[in-house]
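# What the coordinates show
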Amino acid sequence: MGPIFILGFPRSGTTALASALSQLPMLQSFSLEGHAFYLFTEGLRRVRTNQTNGNCVFRDEEKKQHFFANFARAMNAAFSVDGNPDALNWIDKTPDIDQVRAAPELARLYPTAKFIYLYRRPDDAVRSNLATWPDQLQGKDMEVARRWANCSAAWRNARQKLPEGSHMDIFQQDMLNKPGQVGNQVSNHLDLDEEARQLLRDFLQSNKRINRPHGKVASQYDARQLSDDTREAVMQECAEELRFWPKLTAPVEGASQG
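### Overview of the state of the cysteines
- A full pass over the atoms with the stated rule returns 0 disulfides.
- This cysteine, Cys-151, is not joined by any disulfide, and Cys-238 carries the nearest cysteine sulfur, 11 Å off.

This is the structure we're talking about:
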């Protein structure tokens, strides 16, 4: 199994899922986001497709494959808790559009990789982003909404290029409202044994909002709400992309303050 790449727009439940999976004994523990692979994937693509100088050392096919294998082993060592270059049982959680775009190249680098994309209603995602980073994002409601639409569209494009059965989507609200069902779906996707399935279901059913503020900070976070007009404007800004995400325009089951 693995590695497992957890993708999505920021504040869409990626931390919660990565934390849940890292409880499983067959997987490496998760602590930090990756934000590394997309720094290299354009170079990997150019080497793979021979879009390099005609005298480039990597024009030799044997050296090219040696380079890819060693690059993958170096990343294994970086993500593995014990620095094992042959480990594949690690989790890369990187909620970033650049990582989404990198997914097809990652699938070529790691043929056994699994991809999980978490998505959330754009108005909820925009509110949560603005509430989490108020200093950086104040007044940038529509900019964040456009980033949501671009990230979602990038994933729709990327997943068409991934191997069949290597990817799945999770609606963040389902992880809160239907944790047992989501636990089973993820377990099937990763082909987990029964012990791991139960551990994953138990964690999700405990409804741990890992990345949600607590205490006084939580009150400030919850107080930062979008006006009705702004919510409507955000949904309108994302309307074209929302056509491809039917769950996001259906009535919301329960409130999400994550």
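### Some points on the environment of Ala-233
- For Ala-233, the position within the fold is in helix H12 (residues 228-237).
- Residue class for Ala-233 comes out partly exposed when judged on its relative accessible area of 31%.
- Sequence spacing of Ala-233 and Ala-218 is 15 residues, and the spatial spacing of their C-alpha atoms is 26 Å.

### A word on the layout of surface pockets
- A volume near 260 Å³ is recorded for the second largest pocket.
- Taken together, 15 residues form the lining of the second largest pocket, with Arg-45, Arg-101, Ala-102, Pro-104 and Glu-105 sitting closest to its centre.
- Mapped onto the lining of the second largest pocket, the elements with two or more residues apiece are helix H2 (41-48), helix H4 (97-109) and helix H7 (141-159).
- The leading source of residues in the lining of the second largest pocket is H4, at 6 residues.

What counts, and where the lines are drawn
Residues numbered from 1 in each chain as written. Predicted model: local features only at pLDDT ≥ 70, side-chain atom pairs only at ≥ 80, totals over all residues. Heavy atoms only, no water. Disulfide = S-S within 2.5 Å. Helix = DSSP H or I, 4+ residues; strand = E, 2+ residues; numbered from the N terminus. Buried < 20%, exposed > 50% of the residue type's maximum accessible area, 1.4 Å probe, protein only. 1 Å grid on protein atoms, 1.4 Å probe; cavity = no way out; pocket = protein on both sides within 12 Å on 5 of 7 lines; lining within 4 Å. Points joined across faces, edges and corners; volume = space filled by probe spheres on them.

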